[in-house]
Amino acid sequence: MAATSDKIMNRTQDGFVHHASSGLKSGLNTTATITSSTVVANTHFDVIIIGAGFTGLMAARELSLQNRKVLLVEARDRIGGRTFTTEFENEKYEMGGTWIHWSQPHVWTEVTRYGLSIVESKGATADRLSLLFDNGSRLKIASMSDLFTEVCEVMNKYSNVDGVQGRTIFPLPHDPFAAKEINQTYDKLSMQDRLDQISSTLSKEMYEFMDAYLSMNSQCRLSESGFIDHIRWWALGDYETFRLFDKTSRYKISEGTTALAQAIFNDCHNVQLLLSTPVVSVSRKDDNNITICTQNGQLYSGRTTIITIPLNTLYKTEFIPPLKSEKQRVINERQCRGGSKFAVKLEEPIGKWCGYAPYPNPITIAFTDDEDGSIIIGFGMEDLIDIQDLNAVKLELNKFLPDIKIKYIIGHDWRSDPLAGGTWGWYRPGQVTSNLLTLQENEPPLFFASSDTANGWRGFIDGALESGLTVVRHVEHYLNEQTE
C-alpha cells in the first residue's frame, strides 16, 4: 500500500515567503511533504517511475490498479512536481501550476472522482485595468468593457492566420498532427512574426497590449516563442478569446492542487515512494532489466522505467547505453524556460484589478486573486525581476498601483529551479513538428512521459495526467508482451 499522507504541514525546500515588516525570509509549509517508504533491499519492481509530479502519480495509480509492483522516485522532498499548495496566515497559495477548467477532460475527471471543487480568481475578470505603455513610463487606467470588443477583434485577427481561425492547423485540438503538413508551415513562425504581420492594422497602444497579453502565455520573448503553440491554446480554447482566458486563467481547485496530488497518491496500491532521491543514471541491461542509480549511490532495479523529468532538465540524466541520437538531440535543445510567478499580500484590499505591460517590463501581467482583492498574483518574463527581492517587486507593482503597500511576498523561482528549469511548457519556432513526436517515442524498456510532451493541454495539469495515462497503456502492452 502507498503511505497515507497526514494533514501536518511540513516545510519544503521549495519556495519562500519574504515579510515586509521584519525583512526576514522563511521556507514554505505544505502537506505535499509526506513520508517516504522503506524499500526492501534487492526488491525487483515491475515499473520504476522517476518523478512524482502529476504524470508520475497518475502512472503509479493506474499501474497499481493493474497489480504492478511500482517504485516512485522523486528528487524533491514532496509530491506534485511543478505544482504545490502552501498556506500562510490562513491564506492558500499555489506556487506552480494552478488553473483548471471543466472542459479539460483528464483533470476534471479527477476533480469529480475525488469530490473537489473550484473557486474563481476574481481579478481574471476585473473591470479596472492598469496598462503600462512607452517602456513602462506611462500609466493608463481603463476598464475591460472599454477594451473588450477591440481585444476580441485583434485576437481573432492574430489567430486567423489561415482564414478560418486556425481550424486547418488544429482541426482536432487534442491531436497535434491531424494536419501535419499544414503544421510544418506555421511552425516556422514565431509569435513575434505573426504580431508583426498584423502590426500595421493596430494602434501603438493595442500593439503593446497584445505584446503583454501574448508574452504572458509563453513567458518568453515573442521572438523566441512558437506561434503554433499559441494556435494550440487557441484551438483548445474553442477558437475564441474569452473562452481561452476562462480555460487558462480563471478557475482553480478550492482545496488546492496538493489535495488532488494527495488524493491520487492515496489511491495507489503496492506503490513505494522515495522522496529526496535524485536519479543520476538509468542503465538498460537487457529488454527486461533496468537499474537506476540515485545521487547517494543507491541502486534500484525493475523491468521497465517511466521517466517523467521535465524537458528542460532531462539532459542532466545519464542513460546507459545512450539514447538514440535524435532523441538526445531534441532533449538537449530543450524548450522555452518561461519566467516568474509570485504572490503578494497587500495591507489594504483593492478590489477586482488587473494590469498588463509589454516587454521589457519585468512584470507582464498581474491580477487580484481573492474576493476582496488583497492578494495579487504576478507573472514576469524570463528573469527580469528577482521575485525574492521584496523592494524590487514593490517598485514594479507601484508602476501599476502607485499607492499599494505590501505585507509580504511569497513564491518559488521555477526558472532557476535545478529540477524544473522553467515554468510550463512552450516550444520555440520549429520545435513542435521537428521534436514532439521524437520526445514522445519510447525506447522499451524505457518510457517517457511529461506534461511537456502531452498532445492536448501541454504545460497544464491536464496535460500531465493525459501523458501519465498514455504511457501506462504503452507500459502495460510491453509488460504483457514480455510475459507471453
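Since we're looking at a predicted model, the values are computed, not measured.

Bringing the sheet that holds strand E11 (residues 251-253) into the picture now. Strand order across the open sheet formed by three strands is E7-E11-E8, with antiparallel pairing between neighbours. The sheet is open, and its two borders are formed by strand E7 (99-100) and strand E8 (118-120), each paired with just one other strand. When E7 meets E11, the two strands line up antiparallel, connected through two bridges. Counterpart to Ile100 in the pairing with E11 is Tyr251.

Moving on, we come to the pairing of strand E19 (residues 365-368). Of the two faces of E19, the one lined by Ile365 and Phe367 and the one lined by Ala366 and Thr368 are each fully buried. Pairing of strand E18 (residues 353-356) with E19 involves three bridges; the strand directions are antiparallel. Paired with Gly355 across the strands is Ala366, a residue of E19. As paired elements, E19 and strand E20 (residues 375-380) share four bridges and run antiparallel to each other. In the sheet register, Thr368 faces E20, and the bridge partner there is Ile376.

This part covers the packing of helix H3 (residues 144-159) against helix H7 (residues 227-236). It is the contact of H3 with H7, at a shortest axis distance of 11 Å, that shows an interaxial angle of 125°. Taken together, H3 and H7 sit at an angle that is classed as oblique. Viewed along their axes, H3 and H7 form a crossing whose handedness is left-handed. Judged by residue contacts, Met155, Asn156, Tyr158 and Ser159 of H3 engage Phe227, His230, Ile231 and Trp234 from H7. Residues that form the contact of H3 with H7 fall into these classes: five nonpolar, three polar and no charged.

The rules behind the values
- Residues numbered from 1 in each chain as written.
- Predicted model: local features only at pLDDT ≥ 70, side-chain atom pairs only at ≥ 80, totals over all residues.
- Heavy atoms only, no water.
- Pairing = 2+ DSSP bridges.
- Helix = DSSP H or I, 4+ residues; strand = E, 2+ residues; numbered from the N terminus.
- Buried < 20%, exposed > 50% of the residue type's maximum accessible area, 1.4 Å probe, protein only.
- Axes fitted to C-alpha atoms, helices over the stretch in contact; angles between N-to-C directions.
- Parallel < 35°, antiparallel > 145°, perpendicular 65-115°, else oblique.
- Left-handed = near helix turned anticlockwise from the far one by under 90°.
- Contact = heavy atoms within 4.5 Å.
- Nonpolar A, V, L, I, M, F, W, Y, C, P; charged D, E, K, R; others polar.

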